[in-house]
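Breakdown of the fold
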Amino acid sequence: MATITLEKINKVYPNGFHAIHDLDLDIADTEFLVLVGPSGCGKSTALRMVAGLEEITNGEMRIGDRIVNEVEPKDRDIAMVFQNYALYPHMSVYDNIGFALKLAKTPKDETDRRIREAARILELDEQLDRKPAQLSGGQRQRVAMGRAIVRQPAAFLMDEPLSNLDAKLRVQMRAEIASLQRELGVTTVYVTHDQVEAMTMGDRVAVLKDGFLQQVDTPQNLYDRPQNVFVAAFIGSPSMNLFEGTLTLDSSGQGGSLTLGSQAISIPSEVLAARPALAAYDGQPLIYGIRPEDMEDASLDSRPDDQCIHGEVSLVEALGAEILVHFGVDAAPVDSGDPDAVVELGDTAVVVGRFNPRSRIRLRDSAKVAVHAERLSFFDSSTRLAIWD
Amino acid sequence: MRLQLVTTHDPQPDYLDLPLLQPLAEWTHSGLVEFPIGVHRHVVRFVESEHGLFALKELPGRLADREFALLRHLAEENLPVVEVLGVISERDSDLDDILITRHLEFSLPFRFLFTRSGISSLRESLVDSIAVLLAQLHLAGFFWGDCSLSNTLFRRDAGALAAWVVDTETGELHDQLTPGQRELDLDIAQMNIFGGLLDLEASGRLPPDIDPVEVVESLTRRYGQLWEELTAEQSVEVAQRHLIDARLARLNELGFDTAEVSITTGGSGPQIQFRPAVVEVGHHVRELERLTGLRMLENQARRMLNDIRSYGAWLAKRDGHDQPEAVVAYRWLNEIFEPAIETIPQELRDRRSPGELFHEILLHRDALQSKLQADVSVQAASADYALESLPSSMRERSLIEGD
């Protein structure tokens, strides 16, 4: 078991590309930390530096109390868990899990103990004599996990270990890995580009973009209190709807309104009271965001008209327990800076709302949508940092 | 559906005749061939057509595109990888893409090396061939990430083996690999090869004299020695510059060319620091190709170059004067190599590649000369080899299960 500490870590390649900038991370003993971000954000580079696969340009890396900048990968007591574990068809589950220990010349009784312990944790006790062909897809993945577990490393490092699996198995395995990690209590750093994977698995999630750490926090805090526009848009599916608008406070200074293209949304006084910093933006443009679940078909919501917006419905996705309604508004879309995101062009933003399935809104309807204005997120237009205070 | 195909000189099958809208696992096409491919995560099927044998692998589009690009890049770098021919995408919303590669002719899957009689002598060079392959890839900045017996094909190379990369799903290209990346790649190779050998053992097909632990430990040793020879900095006295020539000659002998060296001198000191800077495998391959136009494997090429030199010496003795190297090579090609190969009946030419045929003809000639205590021409040896030895050999052009 170990803590992993990254202190002002930088990675600059010989061609001058600065992949990681002053990365600070304190990963606690037994913690499951997920590194997430779009392509080229530096998440895999960061993981590889922990593993010793990439040299650190400057900064300090510690595993436990030991500085490991110059320590060989094999001497770091970590296990890289890859997506490419093949199972050997003629070998039993027992041998598939334990063969690496034979190569490491681990004593037989110790090997046996570790294999049985791993099998117990993985609920494979009854399958130890079976061959891989007799296992389900999930069980096969667990055998592959068992191979890493029996090495008893101080930390697991996982680089997109589920990316080769089909969607169904991926969902199943992410739950299994998360639960397994908690049972084993081994510090784990996990890289993914999939924010849903990150949110469902990590104790904490570190969001990176262009080599800079954007925010590291619990999944719920990332969702509820994103530190900037990028994190706000990146975390959550569907993404937060982001707009640029102008805040106008009323004469009493207790309430106000926000423009949304040619429309306006009334801002309740309690929102302004909770965020006094917004007062400085009176008459100024700012960026604000609405999560899809913070909107509702107005016919099913009792909000006043001044907290409702209108738009033409371009797509309705019925998901059973909810419906996703896409509708257009005449406001300029905001580019969140995510290189993997589809950027809308022009003066029409597509808004996505997550509505109650009882909604009868149909394609091409002119929808009236209630906005839960007390749940809005606000960001400075120039720094793109959140305004929470 | 979308077909992205590489334009090649060699013909390809008409893919539109294949049941591309069905899952690969469910195909029942008449050209399908069952093939011993070892352990794989994705469905892989083989299709035989009049244009040869083709491997089709079903995998998610992102991975298919990535592997397609990687294989093309590695081929452009003259690294030993299977030839990628195309990607079939947008088949159906539920179906993954298909990556198409050409089966490597005259290749031996590792299982054949352990389960076929008559080729046991080749097993010893298996580790060497993988060590050379890894060193080649690492010099080119390629981290394989999944070197295994199943992901490698082997070709006979004049009594030894040459290894080819089949699967690059986990590969990564870098400008240069760090020691940690190389070490991890070697560690993965060790683990995978150990697992592959234990699996053979579990199936009762591993010869008892092979110790899997010894095999993988020797891989580490061989790779380490080779890497040291290829890249280590060497310090020599100014007066001992011949040691640099000796090092370059050793690299040539190992099959590597040194296109660039880095030499630094310590100001007024007597020491020279020397390090090969740009090293590329295929020294004898390129030399043979330059002289004859023949493209063979490294050991085959080395053997042929030796034969060309012997032939040149014989010509010089007979004619009383030396011939230019290019003339000797031209005459060797027309008077020795081509007649020897043409002596082999067409129906037996699928047993060995031309380079290996020639190597075995020379071995056969040596044995005949030793037995008869007299000179035997290469052409006569070829005729005897085609009659006495070759018919009992396996058809290795495209080995299929059951052969």
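Residues numbered from 1 in each chain as written. Chains lettered and ligands numbered in written order. Predicted model: local features only at pLDDT ≥ 70, side-chain atom pairs only at ≥ 80, totals over all residues. Heavy atoms only, no water.

1. As for the overall build of chain A
On a plain count of helices and strands, chain A comes out with nine helices and 20 strands. In terms of overall dimensions, chain A has C-alpha extents of about 80 × 50 × 35 Å along its principal axes. Counting the 389 residues in chain A, one finds 55% classified as buried. Accessible surface, chain A as shown: approximately 16,800 Å² in total, 48% of it carbon and sulfur. Averaged over its 39 positive side-chain charges, chain A has a centre that lies 9 Å from the centre of its 58 negative ones. (Helix = DSSP H or I, 4+ residues; strand = E, 2+ residues; numbered from the N terminus. Buried < 20%, exposed > 50% of the residue type's maximum accessible area, 1.4 Å probe, protein only. Areas by Shrake-Rupley, 256 points an atom, 1.4 Å probe, with all protein chains shown as cover. Lys, Arg positive; Asp, Glu negative; His and termini not counted. Charge placed at Lys NZ, Arg CZ, Asp CG, Glu CD.)

2. Let's talk about the sheet that holds strand S10 (residues 160–165) of chain B
Residue and element names in this part refer to chain B. What the three strands build is an open sheet, ordered S7-S9-S10; its pairing is antiparallel. Of all the strands in the sheet, the pair left with one neighbour each is strand S7 (107–108) and S10. Relative to S10, strand S9 (residues 152–157) is paired through six bridges, and the arrangement is antiparallel. Paired with aspartate 157 across the bridge in S10 is alanine 160. (Pairing = 2+ DSSP bridges.)

3. Details of a nonpolar patch on the surface
On the surface, Met1(B), Leu3(B), Leu5(B), Leu16(B) and Leu21(B) cluster together to form a nonpolar patch covering roughly 470 Å² of accessible area. Checked against the element boundaries, Leu16(B) lands in the loop between strand S1 (2–5) and strand S2 (32–33). (Patch = residues over 30% accessible without salt bridge, like charges linked within 9 Å, V, L, I, M, F, W, Y side chains within 5 Å. Salt bridge = Lys/Arg side-chain N within 4 Å of Asp/Glu carboxyl O.)

4. A short note on the packing of aromatic side chains
Aromatic ring pairs are reported here in terms of the distance separating the ring centres and the angle at which the planes meet. Inspection of the entire model under this criterion finds eleven aromatic pairs over all chains. Look at Tyr13(A) and Phe17(A): their rings are 6.3 Å apart centre to centre, the planes differ by 10°, and that puts the pair in the stacked class. You can call Phe17(A) partly exposed: its relative accessible area is 48%. On the basis of an interplanar angle of 90° and a centroid distance of 5.6 Å, the ring pair of Tyr88(A) and Phe99(A) is categorised as edge-to-face. One end of the pair, Tyr88(A), is in the loop between strand S6 (78–81) and helix H2 (93–103); the other, Phe99(A), is in helix H2, and eleven residues separate them in sequence. Neither Tyr88(A) nor Phe99(A) differs from the other in exposure class; each is buried. Positioned above the aromatic ring of Tyr13(A), the side-chain terminus of Lys11(A) is 4.9 Å from the ring centre. Between Arg155(B) and the ring centre of Trp164(B), over which it is positioned, the NZ or CZ distance is 5.2 Å. (Phe/Tyr/Trp six-rings, centres within 6.5 Å; stacked < 30°, edge-to-face > 60°. Lys NZ or Arg CZ within 6 Å of the ring centre and 35° of its normal.)

5. Some points on the interface of chain A and chain B
With 25 residues of chain A in contact, the opposing surface of chain B contributes 35 residues. In total, chain A and chain B occlude about 2,600 Å² of area from one another, counting both sides; carbon and sulfur atoms represent 59% of this. Counting the contacts that link chain A with chain B gives two salt bridges. We note a salt bridge from Glu172(B) to Arg48(A), for which the minimum N-O separation is 2.7 Å. Our count for the chain A to chain B interface comes out at seven residue pairs in polar contact (both at pLDDT 80 or more). Considering each element in turn, the side of chain A that touches chain B owes the most residues, four residues, to H2(A). (Contact = heavy atoms within 4.5 Å. Buried area = accessible area lost by both parts, 1.4 Å probe. Polar contact = N/O pair within 3.5 Å; in protein donor to acceptor, adjacent residues only side chain to side chain.)

6. Remarks on the sheet that holds S1(B)
Residue and element names in this part refer to chain B. With antiparallel pairing, the six strands of this open sheet are ordered in space as S1-S5-S6-S4-S3-S2. At either margin of the open sheet sits one strand with a lone partner, and together these are S1 and S2. Of the strand pairs in this sheet, strand S4 (residues 52–59) and strand S6 (residues 97–102) are connected by six bridges, and their pairing is antiparallel. Directly across from lysine 57, in S6, lies its bridge partner leucine 99.

7. As for the nonpolar core
Ranked by size, the top nonpolar core spans 65 residues in total, and within it Ile130(B), Phe154(B) and Ile193(B) carry the most contacts. Discounting residues that sit within four places of it in the chain, Phe154(B) has contacts with Phe106(B), Ser107(B), Leu108(B), Phe110(B), Leu113(B), Leu126(B), Ser129(B), Ile130(B), Leu149(B), Leu161(B), Ala162(B) and Ala163(B). If you look at the next biggest cluster of nonpolar residues, it comprises 46 residues, including Leu124(A), Leu128(A), Leu222(A) and Ile235(A). (Core = buried A, V, L, I, M, F, W, Y, C linked by side-chain atoms within 4.5 Å.)

8. Topic: helix H1 (residues 43–51) of chain A
Each full turn of the α-helix corresponds to 3.6 residues, which orients residues three or four apart in the same direction. Residue and element names in this part refer to chain A. In terms of residue burial, H1 counts as a mostly covered element, since nine of its nine residues are buried. Of the positions making up H1, those classed as buried are Lys43, Ser44, Thr45, Ala46, Leu47, Arg48, Met49, Val50 and Ala51. Count one or two residues on from H1 and you reach glycine 52, which has phi positive near 90°.

9. Quick look at the side chain of Ser125(B)
All names here are of chain B. On the secondary structure map, serine 125 appears in helix H3 (residues 120–139). Within the structure, serine 125 has its side chain in polar contact with the backbone nitrogen of leucine 161 (distance 3.0 Å). In contact with serine 125, not counting residues within four places along its chain, are Ala160 and Leu161.

10. As for helix H7 (residues 283–292) of chain B
All names here are of chain B. Buried residues of H7: His284, Val285, Leu288, Leu291 and Thr292, and no others. Looking straight down H7, one finds its buried side chains confined to an arc of 140°; they lie on one side. The inward-facing, buried residues of H7 abut helix H6 (242–253), helix H8 (298–319) and helix H9 (325–343). In the stretch just after H7, glycine 293 is the one whose phi turns positive, near 85°. (Arc of directions from axis to C-beta.)

11. A word on the packing of helix H5 (residues 212–231) of chain B against H6(B)
Residues and elements named next belong to chain B. It is at 10 Å that the axes of H5 and H6 come closest, and there the two elements cross at 135°. As far as their axial angle goes, H6 and H5 are oblique. As H5 runs across H6, the sense of the crossing is left-handed. Here Glu228, Glu229, Leu230 and Thr231 of H5 lie close against H6, whose contacting residues are Arg247, Arg250 and Leu251. Residue composition of the contact of H5 with H6, by class: two nonpolar, one polar and four charged. (Axes fitted to C-alpha atoms, helices over the stretch in contact; angles between N-to-C directions. Parallel < 35°, antiparallel > 145°, perpendicular 65-115°, else oblique. Left-handed = near helix turned anticlockwise from the far one by under 90°. Nonpolar A, V, L, I, M, F, W, Y, C, P; charged D, E, K, R; others polar.)

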